[in-house]
Amino acid sequence: MNLAADFFYDEVRDGFYIPGMMKRAWGAELSVLKEIDKICKKHRIPYFLSSGTLLGAVREGGQFIPWDDDVDIEMFRKDYMKFLRVAKEELPEELYIRAIEVNIETASFVPKVGLREDVMSLPTLEKYCFFPYKVEIDIFLLDELSDKEEEELYREEVLTMLYSLNDMVFEGTSREDVELLLEKIEEALHFHFDRNLSLNLQIKSLINRFFQEFNETEGHNIAIFPYYHLLGNCRFPRKAYENTILLPFCGMRFPAAEGYEMRLDSEYGDWHKKSKSGEDHNYPCYKESEEHVSRILPAKAFPRYSFQKESMERNLVRSLRKQYLGILDGFFLEERRGTELLQKGEYAAYQSLLAALQEGAIAFGELLGEKIGKDAESISLLESYCEMLYQRYQNASSPEEKKKEIMQEEETVSLLKALKERVGKELKVQAVFLLHRAKDFAGLRPLVDALRKENVDCKIIPIPYYDKAVNGAFREVHYEGGEFPKEYAITDYKSYDFEKELPDCIVMNSPYDEYNPVFSIESAFYSRNLKRFTGKLIYIPWFVTDEIDPENPEDGKAFYNMRYYVTVPGVFHADYTIVQSEGMKKAYLVKILQFLEEEEKLHGTLGIEGADESGKKSIDEVLVIMLKKILGAGSCLLGEKEGQGTKEVVSCFLRLLSQ
């Protein structure tokens, strides 16, 4: 397969966040599907895209449904039996078939072709898109419905009894009650259950047999029986499958029933309407495998961020602008001390202070000139200040000049005030914007435009990013500096010296550091490193999603996926995170609480200084801090949406800069 690199990157589609790990699962599933497709083409075995995969091919423009996590196909039972015979021999060794016909103990009524989770050789991982966990493709089996109503009523009655018996055995119902139903079924079917063998397996075999009871009768309708019996859907007209067409899906083409609309109508009803993603009980498909593989090969398993108390620690960092203005404040203090010396008649000490001030002003002028240019008005005012200091030094030699000197001091203070005001304008507030993808600039562009009108010096710095191998090693490098809008000046990341510039704020939109399994920005731009160079590290997500209610089961998958962008280093390292709404802020805090509780359970404590023995206080401490750091102001991606659009983000940002 030739899936583009950006196929695997985190994405938001239809308001749903799709993590890079899910993209890799999709890629692995497509690789498995290609193996199935190859065998089916070789042996002329018909199969069709099914269920969510078919819906993605038809409704989503040939893409996965954002909240889908697996690939589904379907076959007529007779075609499946032929596939089963040849696939046992022709599937690559890293793939397996889980089916009743192979091992009834481990299989369900839906056969699966899967990728083993213990396959860790580099060539195999590369073949399956560097996905190290188990994935399975469902093969839904199409069985025939009888055209005779009495025959279908008979099958329905039998299946109902068998499912009831299975439930009774599974739930441990009394032996007497089980025996009564057993005897009833035996009498109806003329079948004998062996009480010395597993009843569940015998029941499963019978159910599977009755799914096929009326195959080869050429009925007008077919069904996927596990769902048809239990849910009443997945019954299709046979004519929907009379012809096969090829549908594009993820840059490839796969077979589908020409009457796919009739098929989708039966399974989904109004399938044109997109529904929410639903609960997360079995989502993602690799959840259990993820935990297992991390125990087998922790060095190669994709890393998951673990809370560190250093993430909440913050050293004081003063921006270069504040340092320069602080130097001027120091001049004011020294002037006040000079007045006290003059009042006391300590003329020699006063002259020494003036000389020191002049030396400091000259040195400061050199520094300031490098930043704003030697022709700036501030430099001229600073030169005037130095001249005043010299005159005052000359006049401070006798008591007769004391009154005149005090008047000159007042003029000097006025000059210093003008100088500080001018420096404050010419030495602009500097905001650095770090982005790795040019397309993400759209979410920050309105903010940059607004800040420029406020005389903020906005440095747009595209940074490189890398695709990652399964062991975390960097692979291909990408740099998109040439793809940003031409009307914006771009600063080369190689030439910008963070330690020298010390900007007033740094805005990042990649919070993952090394914990995104698919890509990484240059490590120098990880959040833990950036906060060494600014007093305000601000994270603004590159995306917006639909609103997420942690208590709503319909938001279950969306809330689960918040682990990929909330419980990551950047959210904890950042001084502020600006999210799309107050509601989303609450969702962030709930996810963080869930994460901290898991961390405490796993490690015993979060390691926050001052925590009590139970660790409970440490969780409270972190939540109090995060409550202040996460701001539900809005997003520029929401445009002019009242209450949470560009206007609110700009207002929030300017407020942060002024603090």
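The structure we're discussing is the one just above.
Residues numbered from 1 in each chain as written. Predicted model: local features only at pLDDT ≥ 70, side-chain atom pairs only at ≥ 80, totals over all residues. Heavy atoms only, no water.

Novice: Account for helix α9 (residues 260-268), naming residues and giving values.
Specialist: For α9, the set of buried residues is Y260, R263, L264 and E267. Here the buried residues of α9 occupy an arc of 95° about the axis, which is enough to place them on one side. Immediately downstream of α9, the backbone of G269 shows phi near 70°, a positive value. (Buried < 20%, exposed > 50% of the residue type's maximum accessible area, 1.4 Å probe, protein only. Helix = DSSP H or I, 4+ residues; strand = E, 2+ residues; numbered from the N terminus. Arc of directions from axis to C-beta.)

Novice: I'd like to hear about empty space enclosed by the protein, residue by residue, with values.
Specialist: Overall, the coordinates contain five cavities of 30 Å³ or more when judged by the stated rule. What the largest cavity holds in volume is close to 90 Å³. Taken together, 13 residues form the lining of the largest cavity, with P541, F543, V579, Q580 and Y588 sitting closest to its centre. Each residue belonging to the lining of the largest cavity can be placed in one class, and the counts come to nine nonpolar, four polar and no charged. In terms of lining residues, the second largest cavity is bounded by Y9, D10, H436, R437, Y465, Y512, F519 and W542. Split by residue class, the lining of the second largest cavity holds five nonpolar, one polar and two charged. (1 Å grid on protein atoms, 1.4 Å probe; cavity = no way out; pocket = protein on both sides within 12 Å on 5 of 7 lines; lining within 4 Å. Points joined across faces, edges and corners; volume = space filled by probe spheres on them. Nonpolar A, V, L, I, M, F, W, Y, C, P; charged D, E, K, R; others polar.)

Novice: Describe in detail the sheet that holds strand β14 (residues 465-468), supporting the description with residues and values.
Specialist: Strand order in the open sheet made by the three strands is β15-β14-β17, with antiparallel pairing throughout. Because the sheet does not close on itself, it has two edges, and the strands there are β15 (474-478) and β17 (519-521). With strand direction ignored, the average angle separating the axes of adjacent strands in the sheet is 30°. With three bridges joining them, β14 and β17 adopt antiparallel strand pairing. Across the sheet, Y466 pairs through a bridge with S520, a residue of β17. (Pairing = 2+ DSSP bridges. Axes fitted to C-alpha atoms, helices over the stretch in contact; angles between N-to-C directions.)

Novice: Go over the layout of surface pockets, please, and point to the residues and values.
Specialist: As a volume, the largest pocket reaches approximately 1400 Å³. Along the walls of the largest pocket sit 43 residues, with D68, D69, D70, N282 and K557 positioned nearest its centre. Listing elements by their share of the lining of the largest pocket, those giving two or more residues are α2 (51-59), β7 (135-145), α8 (225-231), α9 and α10 (287-296). Looking at the lining of the largest pocket, its residues break down into 14 nonpolar, nine polar and 20 charged.

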